[in-house]
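# Chain and residue survey
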Amino acid sequence: GQQLNQSPQSMFIQEGEDVSMNCTSSSIFNTWLWYKQDPGEGPVLLIALYKAGELTSNGRLTAQFGITRKDSFLNISASIPSDVGIYFCAGQLNDYKLSFGAGTTVTVRA
Amino acid sequence: EPEVTQTPSHQVTQMGQEVILRCVPISNHLYFYWYRQILGQKVEFLVSFYNNEISEKSEIFDDQFSVERPDGSNFTLKIRSTKLEDSAMYFCASRGQGGGELFFGEGSRLTVL
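A quick note: this is a predicted structure, and the numbers were derived from the prediction, not measured.

All names here are of chain A. Per the counting criterion, the structure on display carries 2 disulfides over all chains. Residue pairing for Cys23: its cysteine sulfur links by disulfide to Cys89, the two sulfurs lying 1.6 Å apart. Here the S-S torsion is close to -60°, and the disulfide linking Cys23 with Cys89 is therefore left-handed. You can see Cys23 sitting in strand β3 (residues 19-25) and its partner Cys89 sitting in strand β9 (residues 85-94), a full 66 residues away along the chain. A single burial state applies to Cys23 and to Cys89, both of which are buried.

We now examine the interface of chain A and chain B. Taken together, the contact pairs 21 residues of chain A with 20 residues of chain B. Overall, the association of chain A and chain B removes approximately 1800 Å² of surface from exposure, summing both partners, and the carbon and sulfur fraction of that is 53%. Summed over the shared surface of chain A and chain B, the result is 0 salt bridges. On inspection of chain A and its partner chain B, the count reaches 5 residue pairs in polar contact (both at pLDDT 80 or more). For the side of chain A that touches chain B, the secondary structure elements donating two or more residues are β4 (31-37), β5 (44-49), β9 and β10 (97-100) of chain A. When grouped by side-chain class, the residues that make up the side of chain A that touches chain B number 11 nonpolar, 7 polar and 3 charged.

Cut-off values and rules
- Residues numbered from 1 in each chain as written.
- Chains lettered and ligands numbered in written order.
- Predicted model: local features only at pLDDT ≥ 70, side-chain atom pairs only at ≥ 80, totals over all residues.
- Heavy atoms only, no water.
- Disulfide = S-S within 2.5 Å.
- Helix = DSSP H or I, 4+ residues; strand = E, 2+ residues; numbered from the N terminus.
- Buried < 20%, exposed > 50% of the residue type's maximum accessible area, 1.4 Å probe, protein only.
- Contact = heavy atoms within 4.5 Å.
- Buried area = accessible area lost by both parts, 1.4 Å probe.
- Salt bridge = Lys/Arg side-chain N within 4 Å of Asp/Glu carboxyl O.
- Polar contact = N/O pair within 3.5 Å; in protein donor to acceptor, adjacent residues only side chain to side chain.
- Nonpolar A, V, L, I, M, F, W, Y, C, P; charged D, E, K, R; others polar.

Any functional reading would require information beyond the geometric quantities listed.
Below, the structure written as structure tokens:
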């Protein structure tokens, strides 16, 4: 199946700092999605990207669908304590399967 | 807001026992999925279901696993004879027609002893 490489694996940041993470794949996707997972809960969709080159924002979050369709990044600006969690990228080629990256654990220092 | 609901939230079972995890997808959704997440690891695809049949499955989804949509609202995952390594969080997800966004339930934690 498709392998997604997500980095960094974890990060410690100061409140107010910007956060950046990315995902790369050896194969192309038609859709890139970014999810956040809080402890003991299911993944919650943050941003969905449907077109190569697309740049989309959702509040303090910005994500881009890479031109090659093999990568995507997520930025969080001016981090706050509730940004703590695990962020997963996910790529979708067809209707039937979504492949997840290994996740980036974000810890915010107050 | 419509949501995917899963039961039970936590199940403890003995190795070799059968387990059924239940999901109620969002009512007008057409694509249904099961994923699992072993503690501390990434979310892994198990199976997708569309038009009353399996549309794709991963190598994890072997003969011990089965899915069923017994009525218009429930979507179940059955593990026939559980193994220790089946201990994980199992997430159900659903998606509507024409959209890429999967909506996940809160998960069912399975512990196999």
